[in-house]
Amino acid sequence: GARLKRAVDPTVAPGSAAAGRPTRVGRSGARRRDERRGVGASRVRRVPTKASQRGIHVDLTCPVCTEVLQVPWEEAGAGANEGPIVRPPKNLACCSCGWKETAASSENHLNLSVLPSDAITSSSSSVFDAVRDLVAQGGSSDKGGAGAPSSSLRYREKNWSVSQLFQSPVISYVYERGWRQGFDWAGFPGADEEFAILERLYAKTETRGPSAGPHESVLDVSCGTGLFSRKFLKSGKFGTIIASDYSENMLTQAYTFLSEEMGKGRSGGNGGGGGAEDASLLLVRADVARLPFPSKSFDLVHAGAAIHCWPTPSLGIAEITRVLKPGGRLIGSTFLLAASPLGQSLGSDDFVKPLFELEKEFSGGFLPGLTGRNYRFWSEEELAGLCELCGLENFQVERDNRFIMFCATKPFKSADANQEAETKQENLYY
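Predicted, not measured: the structure shown is a model, and the values here were computed from it. (Residues numbered from 1 in each chain as written. Predicted model: local features only at pLDDT ≥ 70, side-chain atom pairs only at ≥ 80, totals over all residues. Heavy atoms only, no water.)

Along its length, the protein chain carries 14 helices and 12 strands. Considering the protein chain as a whole, with its 430 residues, one finds that 45% of them fall into the buried category. Across the protein chain, the fraction of contacts at a sequence separation of at least 24, relative to all contacts at a separation of at least 6, is 69%. Surface summary for the protein chain: the accessible area is close to 21,600 Å², and the carbon and sulfur share equals 55%. (Helix = DSSP H or I, 4+ residues; strand = E, 2+ residues; numbered from the N terminus. Buried < 20%, exposed > 50% of the residue type's maximum accessible area, 1.4 Å probe, protein only. Contact = heavy atoms within 4.5 Å. Areas by Shrake-Rupley, 256 points an atom, 1.4 Å probe, with all protein chains shown as cover.)

In structure tokens, the structure reads:
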């Protein structure tokens, strides 16, 4: 069995009845307890990672086993014209489970998704690739020969139709060149005003005291072409910005826009604008339902015009809750159901709930790829219920027409509450 030691709780007052009662705590348990309480801080000290030395103050985890990755940032390097953009290292691998980063091309982003991009395909391309592989093998039945397809081609998944749509290089190219601007039909106020609403919600829901400012970190999930990632970068309010998306083509466009904007900033003599000089940004390919970051990593997670595209929103919100720090916020925007403006005019969505249910029931129609069967539109009550289900609280919104921006907070416990929870946990062992 584990070697045990007798320890006296340092928080108990000397001379009390409890002070003379020894507890039995294992070496690892005592070390974790002391680290939480600040006892022996000089003995138990976290060594700074290469990521923090580079300005990325968030660890990365293996997408398979979730172990923290030892990232060789010294091999990454940044181009002469990239400024705060952190280039990803090559040949990243997990020393625990053996996972390897398999993207054929990751010059501008880090691929931390289990499924490679070339394994996401439609039925027609699967048939074409099967014929191509057969020709490449010359009809040989040798499965292990030199002509065998790569592991990403041996396994494929048919992606959910909306996710498949945003894998397209055409959609990725036009997204910020007209597509996103078209959201004004639903009441989206435009990127600048949306960011102002975001900042307002973030400021008024702070529960942790004075903001940490440039030491804070933000995860921009489903970042698309990086429209809001660039705004976070220029705001000077966050030291680490992680821009993640499942689409490789979207991340390529995000890198293009970032590089162009940084170049314009330097030519204009302002270094990219705002506080960009002191911030670092990393592009990561990741699935929102399997985020490759440790728990309690981010002060803010942003999901702009995103949740209506996720195949399983509950898994995405649960993962976001996990990676948020206590007191951190999720801020997202999406489309409301068609009857929502009427409910807002009447003063309550309760009056139009039957219309909501009718819309959700028949929204598939003859073109489900263009309606709510694939794009899930929401009521305010549904968004609030989902956030509550995933452990978030203090749900707040700003909405207009069919646009809604919502904010929810991961509960923040005081030091006394944390101490009480730790004491209860330790009492389980003796």
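With that out of the way, let us pick up helix H10 (residues 313–323). Think of an α-helix as turning once every 3.6 residues; residues three or four places apart then point the same way. Within H10, burial applies to Pro313, Gly316, Ile317, Glu319, Ile320, Thr321 and Val323. In this structure, the buried residues of H10 make contact with strand E6 (217–220), strand E9 (298–303), strand E10 (324–335) and helix H13 (380–389).

Below, the discussion takes up a nonpolar patch on the surface. Taken together, the side chains of Leu342, Leu346, Phe351, Leu355, Leu358 and Phe362 define a hydrophobic patch exposed on the protein surface, amounting to about 640 Å² of accessible area. Those elements that provide at least two residues to the nonpolar patch are helix H11 (340–346) and helix H12 (353–362). It is H12 that provides the largest number of residues to the nonpolar patch, a total of 3 residues. With respect to the helices and strands, the residue leucine 342 is situated in helix H11. (Patch = residues over 30% accessible without salt bridge, like charges linked within 9 Å, V, L, I, M, F, W, Y side chains within 5 Å. Salt bridge = Lys/Arg side-chain N within 4 Å of Asp/Glu carboxyl O.)

In this section: the sheet that holds E9. Hydrogen bonds between backbone groups are what pair the strands of a sheet, and the pairing can be parallel or antiparallel. Taken in spatial order, the 8 strands of this open sheet run E3-E8-E7-E6-E9-E10-E12-E11, and their pairing is mixed. This sheet does not close on itself; its edge strands, each paired only once, are strand E3 (110–111) and strand E11 (393–400). Bridge count for strand E7 (residues 240–245) against strand E8 (residues 280–285) is 6 bridges, and the pairing is parallel. Bridge pairing in E8 places aspartate 245 opposite arginine 285. Across the sheet, helix H7 (residues 191–204) is in contact with E9, E10, E11 and strand E12 (403–409); its angle to E12 comes to roughly 25°. (Pairing = 2+ DSSP bridges. Axes fitted to C-alpha atoms, helices over the stretch in contact; angles between N-to-C directions.)

Looking now at H13. Among the residues of H13, those classed as buried are Glu382, Leu383, Leu386 and Cys387. For H13, the buried positions fall inside an angular range of 130° around the axis, keeping them on one side. Those residues of H13 that are exposed and angled more than 90 degrees off the buried face are Glu381, Glu388 and Leu389. Looking at the buried side of H13, the elements it contacts are H10, E10, H12, E11 and E12. Residue glycine 391 follows H13 closely and has a positive phi angle near 90°. (Arc of directions from axis to C-beta.)

This paragraph deals with the pattern of salt bridges. Scanning all chains against the criterion turns up 21 salt bridges. For glutamate 380, the salt bridge goes to arginine 399, with nearest N and O atoms at 2.8 Å. Of the two residues, glutamate 380 sits in helix H13 while arginine 399 sits in strand E11, which places them 19 residues apart along the sequence. Judged by relative accessible area, which is 17%, arginine 399 ranks as buried.

Let's shift gears to the side chain of glutamate 382. On the secondary structure map, glutamate 382 appears in helix H13. For glutamate 382, a relative accessible area of 18% puts it in the buried group. In this structure, glutamate 382 is in contact with Leu337, Lys360, Arg376 and Phe377, ignoring residues within four places of it in sequence.

Turning our eyes to something else, we now look at the packing of aromatic side chains. Two aromatic rings are characterised by how far apart their centres lie and by the angle between their planes. Within this structure, the stated rule accounts for 13 aromatic pairs. The interplanar angle of 20° and the centroid separation of 5.7 Å between the aromatic rings of tryptophan 185 and phenylalanine 335 together place this pair among those described as stacked. Here phenylalanine 335 lies in strand E10 and tryptophan 185 lies in the loop between helix H6 (169–179) and H7, a separation of 150 residues in the sequence. Classification of tryptophan 185 by relative accessible area gives partly exposed; the value is 49%. Considering the side-chain rings of phenylalanine 188 and phenylalanine 403, the 4.8 Å spacing of their centres and the 65° angle between planes classify their relative orientation as edge-to-face. You can see phenylalanine 188 sitting in the loop between H6 and H7 and its partner phenylalanine 403 sitting in strand E12, a full 215 residues away along the chain. Accessibility classification places phenylalanine 188 together with phenylalanine 403 in one group, the buried group. Taken together, the ring pairs connect Phe183, Trp185, Phe188, Phe335, Phe377 and Phe403 into an aromatic cluster. The ring of tyrosine 246 has arginine 285 lying over it, and the distance from NZ or CZ to the ring centre is 4.7 Å. (Phe/Tyr/Trp six-rings, centres within 6.5 Å; stacked < 30°, edge-to-face > 60°. Lys NZ or Arg CZ within 6 Å of the ring centre and 35° of its normal.)

In terms of residue burial, E7 counts as a mostly covered element, since 6 of its 6 residues are buried. Residues Thr240, Ile242 and Ser244 line one face of E7 and the alternating positions Ile241, Ala243 and Asp245 line the opposite face, and both faces are buried. One ladder, built from 4 bridges, connects E6 with E7; its direction is parallel. The residue bridging aspartate 220 from the neighbouring strand is alanine 243, located in E7. Crossover connection from E6 via helix H8 (residues 227–235) to parallel E7: handedness right-handed. (Right-handed = clockwise from strand over helix to strand, strands pointing away.)

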